[in-house]
Structures are given as structure tokens and as C-alpha cells.
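What follows is the residue order along each chain.
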2 protein chains.
Amino acid sequence: MATDDLVTRILEALDDGDPLPVEAIHRLTDAADVTEPMTIAEVADLLGISPHTLRYYERAHLVEVDRDANGHRVYDAHTVRRLVFLTRMRLSGMPMRDLQHYIALVDAGDDTVPERLDMLLEHRDIIRRKMRELTLSLVATEHKIATYGGAAGPDSRLS
Amino acid sequence: MATDDLVTRILEALDDGDPLPVEAIHRLTDAADVTEPMTIAEVADLLGISPHTLRYYERAHLVEVDRDANGHRVYDAHTVRRLVFLTRMRLSGMPMRDLQHYIALVDAGDDTVPERLDMLLEHRDIIRRKMRELTLSLVATEHKIATYGGAAGPDSRLS
DNA sequence: GTTTGCGTTCGAGCGCGCTCGAACCCCTAG
DNA sequence: CTAGGGGTTCGAGCGCGCTCGAACGCAAAC
């Protein structure tokens, strides 16, 4: 139900033409139902990042990952969910430093929930700000496209 | 009139709560009426970047800037407008490489308009994609905020 | 039995976009 | 006269987030 709600809101938010939100939505929903342990290649594929990066995240103490008898990494559902979260935060620009801090708080127990909440609120504002900046750039870009595409008027040499 | 149109569309686009689009809109509109030559400090201030970065952009051949009798940079309206454009493109993630290419095309004359248009179209798509990614991250972040803020349920230890 | 493929660890390297420091110059104010 | 403030050039350095290569291990396929 929570997932349904999420997807609904996402679909509402994606009012523009839809080149490829599909993959992203898959990442969101599919990841939620992960139940089987996964290999590094599978997780990398799911998240759209490289195995190198996954190992790097582990070295950075963002996740702990068990090994099988051969010493190969085994990603359980909990770890995968954390990685989905981390990947999304990275994608929206949260620095590694902050994620390391956040994860340290998570691992430190429930007492740190207020601070985590603060971080999330701040990050939410940062995302909103970025979206505003992008909107501005988008409008400017579209304006320039219209200028070039329509009448290549006196503005054409401005930039 | 073009500016009015732009601002109108920007205001429409900014439907969310408005912490600080003001400064950005100022950058857009104010920059359009630049008529006096400016110093490097003034331009840096206008664009919200450092004089160091402005010199760096010049070294990278994104702009050419005249000097006064003392060898100090003098930014004319044309150059400032180009820098406004460049800054916006940088802010929306266009790499230096691409901007260098774009500017080379601009300086190469009108024959390159189609290629420039292609670049702009591609960049527009990239911006849209980024906005979709940000939307997803925003929804996820808000969801987590709601979870933490409301009932710190069984999800609280997930991440 | 050897090749192929996927994994491991470790440390080094890289590309990007600035960012800075040093040494210098010129103008103006006190 | 001198001190301060803002500018100049040049090259080097940095922080970030990966990204890669080397050397190795194990296991299934031929």
C-alpha cells in the first residue's frame, strides 16, 4: 500500500513527456520486493552502478556485506534496500560524507532519529532548490531552442 | 517581451513553496538589462561564482574579455550575457567540454546553428531526465520523513 | 586438465571543476 | 610616503567520486 501510494505520486509528478522513467520506477518498486540474496553483479545491475562502486561503498562503510563460502559477496534484502536508498540519495546529490554520517547514525540506534530527520529535511530542501534551478535552466534552454528553431533572429550570435 | 514571457513561465513552473527563487530570477532578469561594462568582482557577484572561476572560464576559451588601461578585465554586456548562459548550463550539469564545443560553434558562425540546436535539444532532455530523478528522490525523501516524523515504525532501522 | 568467467583484495590513478598561493602591478586614501 | 585594496599571471593543488589494473581464487564447461 505504501508502494502503491508512492507510485501514484510519482506518476502524478511526472507530467512531462516520458522518455524513460520506466527504469527508474522499476528500480523503486522492484527493489522493494527483493527477498532473495543477490550477487554483486545482480545488485549492480539493479541499481545501475558498477560492481567497483558497490565495493567502494562497502569500503566507505555505507554497507556491510556478508560473504559466501567462496568469499563472494552476498547481498540480502536489507542491504539491497539500504543500497537503493543510498543510490537515490547519491543521485540527488547528497555527498558521500553526509551519507557516511547518516549511516553511522542509523547504526547508532533509535536515539539518532531526530538528527536523521534533520538531515532528511535539509536534503529535501536541497532537492527542491535543485529542481528550481533545473526548471530555470530548462526554460532558458527551451527559449533558446525556440529562438534557433523558429526565427534565427538577432539573438543568434549572443551565445 | 521575451523576458516577460520567460518570467511568466518561470513563475508558473515554480509551483512549490518558494524559499529562494528570487535570487535566481534576479539573475535572469537583471542580467538581461546589463548595459554598462562591469568589473570581474561585479560579474562574479552577479553570477554567484568566484573571480577565480571567471578567470578559469576565460582560460578555457569560453569567453574573451577585454582589458582596460591597467590590464584589468572589462566585461561588456555581450560577454556578461554569454556568461549568464554558461553559468546556467553549468548549473544544470552541462560539462565544460560541451560548453567549450558549443562556444566554438557559436564563434564559428551561423553554419553551425543546426549542431548547436542539436546540443540544446539533447541538453533539454538531460535536464528533464534529471528532474525526473530528482522527483523520485524527493518523493522517497518525503516518504521517509513522513515515516520518521509520524510513526517511527518497523521501517526505522532499514536505513 | 585447462580454459573461461566471475569473483576477490589492494592500492594507485583519473577526470572534473574549480581553488589557491605567490609574486607582482597600479591606484587611491590617509 | 606608505599602506591597503583590488586587480593581474602562472602553475600547482585539491576534493570528490569513482575507476582501474594487477595478481589472485574458485568452479563449472569443454
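Everything below is about the structure shown above.
The present account deals with the structure reproduced in this document. Just so you know, the residues in each chain are numbered from 1, in the order the chain's sequence is written. Labels follow written order: the first chain is A, the first ligand is 1, and so on. Given that this is a predicted model, residues contribute local features only at a pLDDT of at least 70 and side-chain atom pairs are listed and counted only at 80 or more, while totals for whole chains, interfaces and linings are drawn from all residues.

Residue and element names in this part refer to chain A. Segments assigned H or I by DSSP are reported as helices when at least four residues long, segments assigned E as strands when at least two residues long, and all are numbered from the N terminus. Mapped onto the elements, I103 comes out in helix α6 (residues 96-108). Measuring from C-alpha to C-alpha, the distance between I103 and R82 comes to 9.3 Å, with 21 residues separating the pair along the chain. What counts as a contact here is a pair of residues whose C-beta atoms, placed from the backbone, lie within 7 Å. The contact partners of I103, leaving out residues within four places of it in the chain, are H61 and L62.

Not every one of the 17 residues close to DNA strand C is listed here, only the nearest: A41 and R73 of chain A together with Y56, P95 and M96 of chain B. Contributing elements (two or more residues each) for the surface near DNA strand C: α3 (40-47) and α4 (51-59) of chain A together with α4 (51-59) and α6 (96-108) of chain B. Top element by residues in the surface near DNA strand C is α4 of chain B. It accounts for three residues. Of the residues in the surface near DNA strand C, the class split is six nonpolar, seven polar and four charged. Near residues are defined by distance alone, with the backbone-placed C-beta atom required to lie within 6 Å of the molecule or strand. Gly counts as polar in this scheme, as do all residues outside two lists: the nonpolar Ala, Val, Leu, Ile, Met, Phe, Trp, Tyr, Cys and Pro, and the charged Asp, Glu, Lys and Arg.

The next thing to look at is the protein's contact with DNA strand D. Taken together, 17 residues form the shell around DNA strand D, and within it Y56, P95 and M96 of chain A together with A41 and R73 of chain B come nearest. Breaking the surface near DNA strand D down by element, the ones donating at least two residues are α4 and α6 of chain A together with α3 (40-47) and α4 of chain B. When residues in the surface near DNA strand D are grouped by element, the largest group, three residues, is from α4 of chain A. For the surface near DNA strand D, a count of residues per class yields six nonpolar, seven polar and four charged.

Function-wise, these values are silent; they only describe arrangement.
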